[in-house]
Every structure is written in C-alpha cells, then in structure tokens.
Amino acid sequence: MTDRECWLLIDDDESFLQVLSRSLARQGVESATASNRADALRALGEKHFNRCVLDLNLAGESGLQLLPELLQVDDNLEVLVLTGYGSIATAVEAMRRGAMNYLCKPVTVSQLIHGFEPIEGGPELRQEPPSVEEMEWEHIQRVLNEHEGNISATARALNMHRRTLQRKLQKHSRWRQ
C-alpha cells in the first residue's frame, strides 16, 4: 500500500466506522467515513479515494443502489460491499453493479484488505448442497432485490403475507449473527 492510499468507509453504524477507521490507520491506511448516501457522495466529490467499503444496508437506504452512483463519480474507485445479511443473490447483484468483492460481517481488517486483492483460481465451492432454509433465503433475497428492497411488493411476488416475510427476514438476520 502506498502512503497516499485513502479509503471511504460507508456504514450507518458510527461505532463500527470509528473502530474500522482506527484499525486501518494502524495499517497505514488513511480513511474518511460517511453514514449515508448524501455524506458519501459529498466526500467522494471533495477528495480522491482509492477504495471504498460500502455497507449493504444504510439505515433504510440501499448500498446496492448507491454503488453505481459512487462509480459514476469515480469509475476507478474499488468498492467492496460489506453486509451482515449475506446472500448469493445480493452478492451477484453487487458484482454486477461494479463491486470488486462482497464480504459478510464480521470481518477483520486483514480480511478487508485481502478482499481487494484479485481472486486467483475462482472461489472455493462447497461440497454439500445448500439446505432448504438456505435455498429459501436465497430466493427471498433475489425477489427482494428485484423489488429494490420493498417488503410489500416482495411479499406479493412471493404470495406471502408481509408480516410473515418480515418474520423470516428477522429470524434469518438473528441466525446469521
């Protein structure tokens, strides 16, 4: 890493941002933080960043929707999407929209730094097939993404009551932590 490398950290969790920023500083990486779309775009307009760590869920805003906007401002920006609610559907969509990589929280600073390195030989494939619960979760995430995070529209598309969908999303988010 060069002395001039600077990262933009975008997450709605202020304490996470501060811990990550301090940890990167110990690794010689300068960083700036933003907790929402407006702050992120403002920071990107004011300063050059080499890399960006973008949270998928920004307190009601979608990191997936922000991703192309960031790349429109600086098409050389390397973006790594970070989430606590990982799914294959959102990982594929993040990559399609221009992310360099996609990692699930919790991650270490070392994992983040290595997340920006090119993957040699492709990802490792797991040996066992996904469970029914994992397949259901992937399907829900794909349909949720197709409806840009709209719970009501997703529930209608899945022929499911909105509250049932919300319970499934909450249950899975607790299970993933």
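Up top you'll find the structure we're talking about.
Not measured: the values here are computed from a predicted model.

*Asks:* I'm lost on the pairing of strand β7 (residues 101–104) in this one. Help?
*Replies:* Looking along a regular strand, one sees side chains alternate from face to face of the sheet. One ladder, built from four bridges, connects strand β6 (residues 78–83) with β7; its direction is parallel. Its bridge partner being in β7, L80 is matched across the sheet by N101.

*Asks:* Quick question: what am I supposed to make of empty space enclosed by the protein here?
*Replies:* In this approach a probe as big as a water molecule rolls over the atoms, and the regions it shows empty are the leftover space. Scanning all chains against the criterion turns up one cavity of 30 Å³ or more. Here the largest cavity defines a volume of roughly 30 Å³. In terms of lining residues, the largest cavity is bounded by L9, I10, D11, F16, L17, L20, V53, D55 and L82. If you list the elements that add at least two residues to the lining of the largest cavity, you get β1 (6–10), α1 (14–26) and β3 (51–55).

*Asks:* Looking at this structure, I do not really get the pattern of salt bridges. What am I missing?
*Replies:* Pairing between side chains of opposite charge can happen when their charged atoms approach one another. Evaluated as defined, the whole model comprises eight salt bridges. One salt bridge in this structure joins E136 and K168, with 2.9 Å as the shortest N-O distance. Here K168 lies in helix α8 (residues 162–176) and E136 lies in helix α6 (residues 132–146), a separation of 32 residues in the sequence.

*Asks:* What's the story with the side chain of E5 in this structure? I'm lost.
*Replies:* Along the chain, the position of E5 falls in the segment before β1. Here E5 falls in the buried class, since its relative accessible area comes to 8%. A distance of 2.6 Å separates polar atoms of two side chains, one belonging to E5 and the other to W7. Apart from residues lying up to four places away in sequence, E5 is in contact with V29, E30, N50 and R51.

*Asks:* Looking at this model, I keep getting lost on the layout of surface pockets. Mind explaining?
*Replies:* Taken as a whole, the second largest pocket encloses approximately 610 Å³ of empty space. Around the second largest pocket sit 22 residues that line it, and L56, N57, Q141, L144 and G149 are the ones nearest its centre. When residues of the lining of the second largest pocket are traced back to their parent elements, those giving at least two are β5 (61–62), α3 (63–73), α6 and α8. Classifying every residue of the lining of the second largest pocket by side-chain character gives seven nonpolar, twelve polar and three charged.

About the thresholds
- Residues numbered from 1 in each chain as written.
- Predicted model: local features only at pLDDT ≥ 70, side-chain atom pairs only at ≥ 80, totals over all residues.
- Heavy atoms only, no water.
- Pairing = 2+ DSSP bridges.
- Helix = DSSP H or I, 4+ residues; strand = E, 2+ residues; numbered from the N terminus.
- 1 Å grid on protein atoms, 1.4 Å probe; cavity = no way out; pocket = protein on both sides within 12 Å on 5 of 7 lines; lining within 4 Å.
- Points joined across faces, edges and corners; volume = space filled by probe spheres on them.
- Salt bridge = Lys/Arg side-chain N within 4 Å of Asp/Glu carboxyl O.
- Buried < 20%, exposed > 50% of the residue type's maximum accessible area, 1.4 Å probe, protein only.
- Polar contact = N/O pair within 3.5 Å; in protein donor to acceptor, adjacent residues only side chain to side chain.
- Contact = heavy atoms within 4.5 Å.
- Nonpolar A, V, L, I, M, F, W, Y, C, P; charged D, E, K, R; others polar.

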